[in-house]
Amino acid sequence: ICNLQSAICNLQSAMPLLIDGHNLIGRMPGMSLADPDDEAELVRRVRLYCRRHRRRATVVFDAGIVGGTSSALSTPEVEVIFAPSGRRADEVIRQRLRKLRDPQGWLVVSSDREIQRTAREVGARVVSSEEFVTAMRTSPPSREERSPTLSEDEIQEWLDLFRRRKR
């Protein structure tokens with residue numbers, strides 16, 4: 001039984017998430033848009049949330065080095081997309097919403113009013129970034145989070161990612 005506000009209740013369903021990445025970073029405690037590794041840290045946190053709740057997410061960020069899906073940051077649970085040069089993440093999110101075959105099956109995470117409006121127009125559900133932060137913070141940690149282990153391949157992937165970002 002869900003007696004919290006309906007937006008938080010939506011977070012408990014198995015709907016895939018479409019996340020406005022930089023909008024969410026700006027509302028995450030301990031994170032800053034000025035941090036050069038902010039995207040990787042947000043993706044790490046979203047990945048843990050998705051594993052905990054058996055969900056999938058697509059996180060869209062403003063333009064990166066190359067637009068499109070980031071194979072370095074994407075995992076089976078979380079697809080990471082950077083807007084192509086000259087476009088904003090907001091545009092990419094609104095375009096994706098309009099092209100979804102089943103927008104009613106998606107939950108959009110953003111505090112941007114235009115994104116929220118578009119999401120509601122196509123029938124997707126909406127939760128603000130602040131509400132999502134609250135849900136992430138109140139989720140109990142998984143066993144994996146309490147004792148994290150990385151394979152040598154994962155460690156190498158992160159090292160390669162950080163080396164590329166320094167150039």
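Residues numbered from 1 in each chain as written. Predicted model: local features only at pLDDT ≥ 70, side-chain atom pairs only at ≥ 80, totals over all residues. Heavy atoms only, no water.

J.: Help me get a handle on unusual backbone geometry, residues and values and all.
T.: Positive phi is not limited to glycine here, since Arg54 has a value of about 50 degrees. Examined against the element boundaries, Arg54 turns out to sit in the loop between α3 (38-53) and β2 (57-61). (Helix = DSSP H or I, 4+ residues; strand = E, 2+ residues; numbered from the N terminus.)

J.: How would you summarise the side chain of Ser111 if you had to cite specific residues and measurements?
T.: Along the chain, Ser111 turns up in the loop between β5 (107-109) and α5 (113-122). Of note is the side chain of Ser111, whose polar atom sits 3.1 Å from the backbone nitrogen of Ser129. Among all residues touching Ser111, those that are not within four sequence positions of it are Asn23, Arg27, Gln116, Ser128, Ser129 and Glu130. (Polar contact = N/O pair within 3.5 Å; in protein donor to acceptor, adjacent residues only side chain to side chain. Contact = heavy atoms within 4.5 Å.)

J.: Tell me about the nonpolar core, residues and numbers included.
T.: Within the largest apolar cluster, 29 residues are counted, with the highest numbers of intra-cluster contacts made by Leu17, Ile19, Leu24, Leu42, Val46, Phe61 and Phe132. Of all the secondary-structure elements, those providing two or more residues to this core are β1 (17-20), α2 (21-25), α3, β2, β4 (78-82), β5, α6 (129-138) and α8 (152-166). If one sorts the elements of this core by residue count, α3 sits on top with six residues. (Core = buried A, V, L, I, M, F, W, Y, C linked by side-chain atoms within 4.5 Å. Buried < 20%, exposed > 50% of the residue type's maximum accessible area, 1.4 Å probe, protein only.)

J.: So what about the packing of helix α4 (residues 89-99) against α5? Which residues, and what values?
T.: Relative orientation of the contacting elements α4 and α5 amounts to 5 degrees, with a least axis distance of 9 Å. When the axes of α4 and α5 are compared, the pair comes out roughly parallel. Taken together, the residues of α5 that come into contact with α4 (itself represented by Asp90, Ile93, Arg94, Leu97 and Arg98) are Glu114, Ile115, Thr118, Ala119 and Val122. In terms of residue class, the contact of α4 with α5 is made up of five nonpolar, one polar and four charged. (Axes fitted to C-alpha atoms, helices over the stretch in contact; angles between N-to-C directions. Parallel < 35°, antiparallel > 145°, perpendicular 65-115°, else oblique. Nonpolar A, V, L, I, M, F, W, Y, C, P; charged D, E, K, R; others polar.)

J.: Outline a negative patch on the surface, supporting the account with residue identities and numerical values.
T.: The grouping of Glu152, Asp153, Glu154 and Glu157 at the surface amounts to a negative patch. Along the chain, Glu152 falls in helix α8. Classification of Glu152 as exposed rests on a relative accessible area of 69%. (Patch = residues over 30% accessible without salt bridge, like charges linked within 9 Å, V, L, I, M, F, W, Y side chains within 5 Å. Areas by Shrake-Rupley, 256 points an atom, 1.4 Å probe, with all protein chains shown as cover. Salt bridge = Lys/Arg side-chain N within 4 Å of Asp/Glu carboxyl O. Lys, Arg positive; Asp, Glu negative; His and termini not counted. Charge placed at Lys NZ, Arg CZ, Asp CG, Glu CD.)

J.: Break down the packing of aromatic side chains for me, with residues and values.
T.: Counted under the stated rule, the structure contains three aromatic pairs. When the centroid spacing of 5.0 Å and the interplanar angle of 70 degrees are considered together, the rings of Tyr49 and Phe132 count as edge-to-face. Residue Tyr49 is located in helix α3, and its partner Phe132 is located in helix α6; the two are separated by 83 residues in the primary sequence. Comparing Tyr49 with Phe132, the two get one shared label, buried. (Phe/Tyr/Trp six-rings, centres within 6.5 Å; stacked < 30°, edge-to-face > 60°.)

Read these as geometric descriptors, not functional statements.
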